Number of protein chains: 2
Amino acid sequence: MLGLMQNHPLLISSLIDFAARHHGDGEVVSRRVEGDIHRTTWAQVRVRAMQVAGALDKAGVQASERVGTLAWNGYRHLELYFGVSGSGRVLHTVNPRLLPEQIAWIVNHAEDQVMCFDMSFLPIIQAIAAQCPTVRLWVALCDAGKLPEGTGIANLVSYEEWIAHQPTQYAWPELDENTASSLCYTSGTTGHPKGVLYSHRSTLLHAFASALPDVMNLSARDAVLPVVPMFHVNAWGLPYATAMTGSKLVFPGPALDGKSVYELIEGEGVTFAAGVPTVWQMLLGYMAPNQLRFSKLNRTVIGGSACPPAMIATFRDQYGVDVLHAWGMTELSPLGTLCTLKDKHRGLPEAEQMNLLLKQGRPFFGVDIKIVGENGAEQPWDGKTYGDLMARGHWVVERYFKQDDSALDEAGWFHTGDVATIDADGYMQITDRSKDVIKSGGEWISSIDIENVAMAHPAVAMAACVGMPHPKWDERPIVVVALKPGAELARDELLAFYEGKVAKWQVPDDVVFVDAIPIGATGKMLKTRLREVLKDYKLPTA
Amino acid sequence: MLGLMQNHPLLISSLIDFAARHHGDGEVVSRRVEGDIHRTTWAQVRVRAMQVAGALDKAGVQASERVGTLAWNGYRHLELYFGVSGSGRVLHTVNPRLLPEQIAWIVNHAEDQVMCFDMSFLPIIQAIAAQCPTVRLWVALCDAGKLPEGTGIANLVSYEEWIAHQPTQYAWPELDENTASSLCYTSGTTGHPKGVLYSHRSTLLHAFASALPDVMNLSARDAVLPVVPMFHVNAWGLPYATAMTGSKLVFPGPALDGKSVYELIEGEGVTFAAGVPTVWQMLLGYMAPNQLRFSKLNRTVIGGSACPPAMIATFRDQYGVDVLHAWGMTELSPLGTLCTLKDKHRGLPEAEQMNLLLKQGRPFFGVDIKIVGENGAEQPWDGKTYGDLMARGHWVVERYFKQDDSALDEAGWFHTGDVATIDADGYMQITDRSKDVIKSGGEWISSIDIENVAMAHPAVAMAACVGMPHPKWDERPIVVVALKPGAELARDELLAFYEGKVAKWQVPDDVVFVDAIPIGATGKMLKTRLREVLKDYKLPTA
């Protein structure tokens, strides 16, 4: 027997309808590519999202066809979020930091029909336009009349001209809530990127959960600054969650330097900001010498990589800002865990609280995690035992775009590719990537632990630990090191430096000195390329 | 094209699974009917809910069959919430404050197969058992061996004996999320009660929304005291929402006097409590003479009826507790609006903030409201214009149990039966019940406004305003008054008292003095009965 309650689909269009109706004068403030500050409201965003929908109708873009964006965080990008998905098309956000040939590959794989881009990225568009036959229309996110001459791009129009004459009312379609809403490709370090195709339902359930007090804690009293880009996992879903909660939205555009971000935070009364550690490093680097304070910022969520403990302490002790670690990935929409304390932890000594806050945190309702050993069995939650981190839930991928095979194991769990521990209270800590962990004699060695020791040595600029085949132990770690300019360091000196810092059997078998460690487009070390460089290397202990 | 994310149904069983896995040691504390304090955990609640499911299997209760409860707020009732709904049956919570014949009518209408009751309600059960042929098993919520002899009830078992030998593991069924989960009857003042049949989906979406920062703001750092009964609209959904957020739960059992509630709040570190104004009146009445303070309580949600401004001020100024008004009804699961400020209101003078906090508040994502005039047209949001309050959303009723007709209008809106205003920021204020508002010459007069003036007179104990037929104005108000013992008041004296307090045309046409105003089981004035008493009354102005 079914219940007798109303049954409305969970749709992205209902988010913008709600924001416009109940928080219509709520502000959306953007620093534009042009450098100036632009102000609009949730009500106006809805009107222009409806104009986008009308423009897509006129362009003949069919239901579920993809509309690409190559854009910074800003109001026009927000209008596309709601106008494209709300009208039943799929919003495909593309990462402009990828190489042009990767972008072209992704656009072709997605079969984007329209591509909307910020003028910063015109050179990329010029480089790829001829290789993207599915794109019938190129939309430059600029004012009418600001389109440069002689771009060499056919079918190019300015965004403002494109939507200007569309009606300001649009009847959103009543879609099945499982309809695809948006598409984001992983920046995989091996093979081609893989597309994650979100649905309206997964997006709304993620928005509900992400706004909860133990997650991002969003209300109509917040001014939210997503420094995390809208071109990468939808700025952690903040465009959707803030529409749900009627928060003020503040967009930084391309200006992520410390001064610009600080001025935006203070000028717009930002209470909550989300970003990666490097941006906060720049922010603190600007504030300290200028003796600046925050007047309203009270919390920030940091993800992408672990935040140095010193930065957490600085934010908390000097600036009164809580730093919350988050963990997620494109395949998780992206949020999987967030680190907020339980009531039982409030009385802990500060050092113990800090140990907890350094972890990636605990899952919230809607997503579950576990760690498994090599045999697939669930590992204990003791805070020490490593295992492959698995996830499942309402906003976790089931299969990749255009792939027939499920991305899950038989029991429906997604293999995240991370290695982690989980403690007795369910707090998860990432220790490594699965493909980087060294499996030595049945035991696991975290490559990150080995790298951190080497990087603590004053002569070392960067260090990468990789596993090398070994006849007896399967694998043994070596550490590849780039020294600081002018520094000197002997092999045995570095190996001796490990004494007392890791277990004896975890000390690397060898040191390889290189001029530089290869780095990818997203700032991560490219260990695959490092392994190619080392393909003729032989372990001295083998 | 559908999205490619995992698709799990939204099920009540997943709430208790989450709470047990991620907040397994989270406490559930109950004052029992016996008077002692009982302590358990979310993990243990799940185990025993699974035993309930097993016991229902053994009793042959089929999927979607109803299991009734007649019980206070406590851990066994909580186990039934998850065990009954989680295993695919429908939890039917019955209000023990109704008359026995009403309870019997409801049990028969619902066709309850099993009835679980607290020992406080044994006399009710003894009175109705013979009239409830569908009930095959009566379960007394008491320890094994504590069942009294000679109850005269066949097929009676103690709860502890009933579940004792069931396995502590149970495979929850993977239900369609639209499956009926629970049933609650409205306490309508006219006609038979009507059943609202919730689904797993409506319950989970309501839980997500109700835990949001702008609603009940629930986290794993909260200890939550639902004074609102689990037998009436599921204690405002708190059993579900706290499982979702891993909050500590504190149940008051039958002891709602000021001393008991205060001791529970302090003894268990309660941070958040939800109830009706009368309970808080008793609490404050106990605290003031004993000069007591709250150590952790920081907010309370008040619903059911409007909270007197003086009580809000006392809570805030003397005790540092925020009072949040909520509005809801059985047909809304129950939450429709809650009164929290927007950022723009933070800078308002205190008196203006207080005016806002006296309203029932604004809707949150998932439910929408509007007010309509007599022609059905939406009324302006100016904070002055009255209209019939309409609602729609994910947890609003579509039709009543065993009724073929939709409870909605053609556009899908539910007529709440309340009359309200909505201001420019979307804050709603209830001004009357639709059936009580007086329609005089095309204008509406709030019966509540007229009653409040009379009740402000020192001689008046209680006042009820009703509309009387009038040949020219359609209706004109009269006020029915019960005086305080020994007090005297003349008709014209009271009518003169209205001068300057309401508009001239709103002053009642007459005063009728009575010994007492009839009151219903839930403490509300029974205007229907009053109208019967007045059936031969003639307006002097007609």
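Since we're looking at a predicted model, the values are computed, not measured.

Engineer: Would you explain the overall build of chain A in this entry?
Structural biologist: Looking only at helices and strands, chain A has 16 helices and 24 strands in total. Along the longest, intermediate and shortest principal axes, the C-alpha atoms of chain A span 70 × 60 × 55 Å. Evaluated residue by residue, chain A yields a buried proportion of 62% over its 542 residues. For chain A, the proportion of contacts with a sequence separation of at least 24, taken over those separated by at least 6, is 66%.

Engineer: Where do I start with the side chain of D423 of chain B in this structure?
Structural biologist: All names here are of chain B. Take D423: it is sitting in the loop between β18 (414-422) and β19 (428-433). Among the polar contacts made by the side chain of D423, one reaches the side chain of K359 at a distance of 3.1 Å. Look past the residues within four positions of D423 in its chain and what remains in contact with it is L356, K359, W381, D382 and G383.

Engineer: Teacher, can you tell me more about unusual backbone geometry here?
Structural biologist: Most peptide bonds take the trans configuration, and most residues that are not glycine carry a negative phi. A cis geometry characterises the amide bond from S333 of chain A onward to P334 of chain A, with omega recorded as 5 degrees. Even without being glycine, S64 of chain B reaches a positive phi, approximately 70 degrees. Relative to the helices and strands, S64 of chain B resides in the loop between α2 (42-58) and β3 (66-70).

Engineer: Can you help me understand the sheet that holds strand β11 (residues 248-251) of chain A in this one?
Structural biologist: Note: strands within a sheet are paired through backbone hydrogen bonds, in either parallel or antiparallel orientation. Residue and element names in this part refer to chain A. A sheet is described by the order of its strands in space; here 8 strands give the open sequence β2-β1-β11-β10-β12-β13-β14-β15, paired in mixed fashion. Only two strands of the sheet have a single neighbouring strand rather than two, namely β2 (37-41) and β15 (335-338). Neighbour to neighbour, the strand axes of the sheet diverge by 20 degrees on average, direction disregarded. As defined by bridge partners, strand β14 (residues 322-328) adjoins β15 across 3 bridges and the pair is classed as antiparallel. The residue bridging W327 from the neighbouring strand is T337, located in β15.

Engineer: Any chance you could explain the relation of the copies chain A and chain B here in plain terms?
Structural biologist: Between the two copies of the chain lies a rotation about an axis combined with a shift along it. Overlaying chain A on chain B yields an RMSD of 0.1 Å, the required transformation being a rotation through 180 degrees with an accompanying axial translation of 0.0 Å. The superposition of one copy onto the other is thereby described by a two-fold rotation axis. Distance from the rotation axis, computed per C-alpha, reaches its smallest value in chain A at L212 of chain A: 2.5 Å.

Engineer: Can you walk me through the side chain of E177 of chain B in this structure?
Structural biologist: By the element assignment, E177 of chain B lies in the loop between α6 (159-164) and β8 (180-185). A polar contact of 2.8 Å, which involves the side chain of E177 of chain B, links it to the side chain of R201 of chain A. A polar side-chain atom of E177 of chain B sits 2.8 Å from the main-chain amide nitrogen of L10 of chain B. Non-local contacts of E177 of chain B, meaning those with residues more than four positions away in its chain, are made with E177 and R201 of chain A together with H8, P9, L10, L11, S199, H200 and R201 of chain B.

Engineer: Would you mind going over the packing of aromatic side chains with me for this structure?
Structural biologist: Here the distance between the centres and the angle between the planes together describe a pair of aromatic rings. Scanning the entire structure with this criterion turns up 31 aromatic pairs over all chains. When the centroid spacing of 6.2 Å and the interplanar angle of 85 degrees are considered together, the rings of F82 of chain A and Y240 of chain A count as edge-to-face. Here F82 of chain A is found in helix α3 (residues 75-86), whereas its partner Y240 of chain A is found in helix α9 (residues 238-245), with 158 residues between them in sequence. Judged by relative accessible area, Y240 of chain A falls into the buried class, the value being 2%. Put simply, the rings of F18, F208 and F365 of chain A together with F18, F208 and F365 of chain B pair up and form one aromatic cluster. Here the basic side chain of K439 of chain A rests over the ring of W444 of chain A, its NZ or CZ set 5.0 Å away from the ring centre.

Engineer: Looking at this structure, I do not really get the pattern of salt bridges. What am I missing?
Structural biologist: For side chains bearing opposite charge, pairing can occur when the charged atoms are close. This structure, assessed with the given rule, holds 76 salt bridges over all chains. For R48 of chain B, the salt bridge goes to E160 of chain B, with nearest N and O atoms at 2.7 Å. Taken as a pair, R48 of chain B in helix α2 and E160 of chain B in helix α6 lie far apart in primary sequence, 112 residues in all. Per residue, the accessibility class of R48 of chain B equals that of E160 of chain B, and both read buried. What you see here is one network of salt bridges that share partners, running through R32, E34, D36, R48, R76, E79, D143 and E160 of chain A.

Engineer: Would you explain the interface of chain A and chain B in this entry?
Structural biologist: Often the size quoted for an interface is simply the accessible area lost on bringing the parts together. Each partner contributes residues to the interface: chain A has 78 residues there, and chain B has 78 residues. Between chain A and chain B, a total of about 6300 Å² is buried, with carbon and sulfur atoms accounting for 57% of that surface. Linking chain A with chain B are 10 salt bridges. Where chain A touches chain B, the interface holds 52 residue pairs in polar contact (both at pLDDT 80 or more). Listed by contribution, the elements that provide at least two residues to the side of chain A that touches chain B are α1 (12-22), β9 (195-199), α7 (200-210), α9, β16 (367-372) and β17 (387-393) of chain A. Ranked by residues supplied to the side of chain A that touches chain B, first place goes to α7 of chain A with 6 residues.

Engineer: Would you explain the nonpolar core in this entry?
Structural biologist: Counting residues in hydrophobic clusters, the biggest one holds 181 residues, and the most contacted among them are F82 and W162 of chain A together with F82 and W162 of chain B. With residues near it in sequence (within four places) discarded, F82 of chain B still touches I12, L15, I16, W42, V45, A49, S87, W172, P239, Y240 and A243 of chain B.

Engineer: Got a minute to help me understand the packing of helix α10 (residues 258-267) of chain A against helix α11 (residues 277-290) of chain A in this structure?
Structural biologist: Between two packed helices, both the angle of their axes relative to each other and the distance between the axes serve to describe the pair. Residue and element names in this part refer to chain A. It is the contact of α10 with α11, at a shortest axis distance of 8 Å, that shows an interaxial angle of 85 degrees. One way to sum up the angle between α10 and α11 is to call them roughly perpendicular. Where α10 approaches α11, its residues G258, K259, V261, Y262, E263 and I265 are matched on the opposing element by W280, M282, L283, Y286 and M287. Grouping the constituent residues of the contact of α10 with α11 by class yields 8 nonpolar, 1 polar and 2 charged.

Engineer: Which parts of the structure should I look at to understand the confidence of the model for chain A?
Structural biologist: Interpretation of this model should avoid reading the predicted coordinates in detail wherever pLDDT is low. In the predicted model, chain A carries a mean pLDDT of 94, and the fraction of residues at 70 or more is 99%. The complex prediction reports pTM at 0.92, with the ipTM value standing at 0.92.

Engineer: Help me understand the pairing of β19 of chain B, please; the structure alone is not making it clear to me.
Structural biologist: All names here are of chain B. Alignment of β18 against β19, held across 5 bridges, turns out to be antiparallel. In the sheet register, T421 faces β19, and the bridge partner there is Q429. Counting the residues that bridge the hairpin from β18 to β19 gives 5 residues, and of these G426 lies at a positive phi of roughly 90 degrees.

Engineer: What should I look at first to understand the sheet that holds strand β5 (residues 114-117) of chain B in this one?
Structural biologist: Residue and element names in this part refer to chain B. With respect to topology, 7 strands assemble into an open sheet ordered β7-β6-β5-β3-β4-β8-β9, the strand pairing being mixed. Looking at strand neighbours, the two that pair on one side only are β7 (156-158) and β9 (195-199), the edges of this open sheet. Along the sheet, successive strands turn relative to each other by an average axial angle of 25 degrees, direction set aside. Looking at chain direction, strand β4 (residues 90-93) and β8 are connected through 3 bridges and run parallel. Bridging across to β8, L91 finds its partner in S182.

Engineer: Honestly, the environment of E443 of chain A in this entry has me stumped. Any pointers?
Structural biologist: Residue and element names in this part refer to chain A. When you line up the elements, E443 lands in strand β21 (residues 443-445). For the pair formed by E443 and K501, sequence separation is 58 residues and the distance between their alpha carbons is 18 Å. Setting aside its immediate chain neighbours within four residues, E443 contacts I438 and W505.

Rules of the game
Residues numbered from 1 in each chain as written. Chains lettered and ligands numbered in written order. Predicted model: local features only at pLDDT ≥ 70, side-chain atom pairs only at ≥ 80, totals over all residues. Heavy atoms only, no water. Helix = DSSP H or I, 4+ residues; strand = E, 2+ residues; numbered from the N terminus. Buried < 20%, exposed > 50% of the residue type's maximum accessible area, 1.4 Å probe, protein only. Contact = heavy atoms within 4.5 Å. Polar contact = N/O pair within 3.5 Å; in protein donor to acceptor, adjacent residues only side chain to side chain. Pairing = 2+ DSSP bridges. Axes fitted to C-alpha atoms, helices over the stretch in contact; angles between N-to-C directions. Least-squares fit on C-alpha atoms with pLDDT ≥ 70 in both. Phe/Tyr/Trp six-rings, centres within 6.5 Å; stacked < 30°, edge-to-face > 60°. Lys NZ or Arg CZ within 6 Å of the ring centre and 35° of its normal. Salt bridge = Lys/Arg side-chain N within 4 Å of Asp/Glu carboxyl O. Buried area = accessible area lost by both parts, 1.4 Å probe. Core = buried A, V, L, I, M, F, W, Y, C linked by side-chain atoms within 4.5 Å. Parallel < 35°, antiparallel > 145°, perpendicular 65-115°, else oblique. Nonpolar A, V, L, I, M, F, W, Y, C, P; charged D, E, K, R; others polar. pLDDT = per-residue confidence, 0-100.

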